[in-house]
Amino acid sequence: MAQSPVPLVQPDSARRGRPRDFRIESRPLWPIPAVQQQAEQEDIRQGEENASTPPLMTEALPALRVLGQARGMYIVAEGPEGVYLIDQHAAHERVLFERVRSQSQERQVEMQGLLEPQAVELLPAQMQALEAWRELLEAHGFQGEPFGERAFLLRGVPGGLRSVGPEGMFTEALNLLSQARDPAQAGDALAASIACHSAVRAGDVLSQQEMGALVRQLEAAESPHTCPHGRPTMLHLSASNLEREFGRR
Ligand SMILES: [Zn+2]
């Protein structure tokens, strides 16, 4: 990335009289492997300049030890290379996305039957998406049958949804599919949407066991550094940069 290096030691004149401002969220002081997506966008803008950027998206994570939860949003963990702040929603999304994707390919997706089938009225574009992607929808746990000309009788949805009802999930899936270009992209969009609505959210208080389990699953993920939408799952405060920031070397 062609980010200008942030001066790690400020001149005394700049330091005196005001507190040190870290501004981690708006301007990272540490190199963050997870911002590959952003790096890729910059690559497009800057041509060949960044061709040597290492492929970090799929770089394996070291074994991490969970220290706790911050702001009800971030898991604080440490590994041999320093400290990690993990966005619990993004991390869970990544784990669930990969699980839904492989389960749907093997036709082993978790399905949740509705106690009462629900008649969902559909717009013409949604109806078209339903016809075009019926098989893919079934592979992801959506079950039911057409109900008249403009509705669908929904009998089952993907298991584990937390932040959306069956009808909302179904219509969102159809809206996504109505924009899909090809089967691979359609499958990814569907899996990402299901993962997003099944993942823990910011504000969910997690137990030590839950955080440990999530971190283990993230370590085992194919692309642990980004969520399926391309946002970072973690911020890495490397040991050497922490030492430098504290003036230890
Ligand atoms: Zn996401």
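For the structure, see preceding data.
On a predicted model such as this, the values are computed, not experimentally measured, just so you know. (Residues numbered from 1 in each chain as written. Predicted model: local features only at pLDDT ≥ 70, side-chain atom pairs only at ≥ 80, totals over all residues.)

> Help me understand helix α3 (residues 88-105) in this model?
Structural remark: α-helix, 3.6 residues per turn; residues separated by three or four positions point the same way. For α3, which comprises 18 residues, the first-to-last C-alpha distance of 26 Å matches the rise-based estimate of 26 Å (1.5 Å per residue) to within 8%. In terms of residue burial, α3 counts as a mostly covered element, since 14 of its 18 residues are buried. Within two residues after α3, Arg107 carries a phi angle of roughly 60°, on the positive side. (Helix = DSSP H or I, 4+ residues; strand = E, 2+ residues; numbered from the N terminus. Expected span 1.5 Å × (residues − 1). Buried ≥ 20, exposed ≤ 12 C-beta atoms within 10 Å, placed from the backbone.)

> I would appreciate a short explanation of the sheet that holds strand β2 (residues 74-79) in the present structure.
What the 4 strands build is an open sheet, ordered β1-β2-β3-β7; its pairing is antiparallel. Edge strands, defined here as strands with exactly one partner in the open sheet, are β1 (65-70) and β7 (234-238). Each neighbouring strand pair of the sheet contributes to a mean axis angle of 20°, computed without reference to strand direction. For β1 and β2, the ladder comprises 5 bridges, and the chain directions are antiparallel. Along β2, the bridge assignment pairs Arg65 with Glu78. Along the sheet, α3 makes contact with β2 and β3 (82-87), crossing β3 at roughly 75°. (Pairing = 2+ DSSP bridges. Axes fitted to C-alpha atoms, helices over the stretch in contact; angles between N-to-C directions. Contact = placed C-beta atoms within 7 Å.)

> What's the story with the packing of α3 against helix α8 (residues 208-219) in this structure? I'm lost.
To describe two helices that pack against each other, one gives the angle between their axes and the distance between the axes. The geometry of α3 relative to α8 is characterised by a closest axis approach of 9 Å and an angle of 55° between their N-to-C directions. Between α3 and α8, the crossing angle belongs to the class labelled oblique. Note that α3 runs across α8; the crossing there is left-handed. Of α8, the residues touching α3 (which contributes Gln88, Ala91, His92, Arg94 and Val95) are Leu214, Gln217 and Leu218. Residue classes in the contact of α3 with α8 are distributed as 4 nonpolar, 3 polar and 1 charged. (Parallel < 35°, antiparallel > 145°, perpendicular 65-115°, else oblique. Left-handed = near helix turned anticlockwise from the far one by under 90°. Nonpolar A, V, L, I, M, F, W, Y, C, P; charged D, E, K, R; others polar.)

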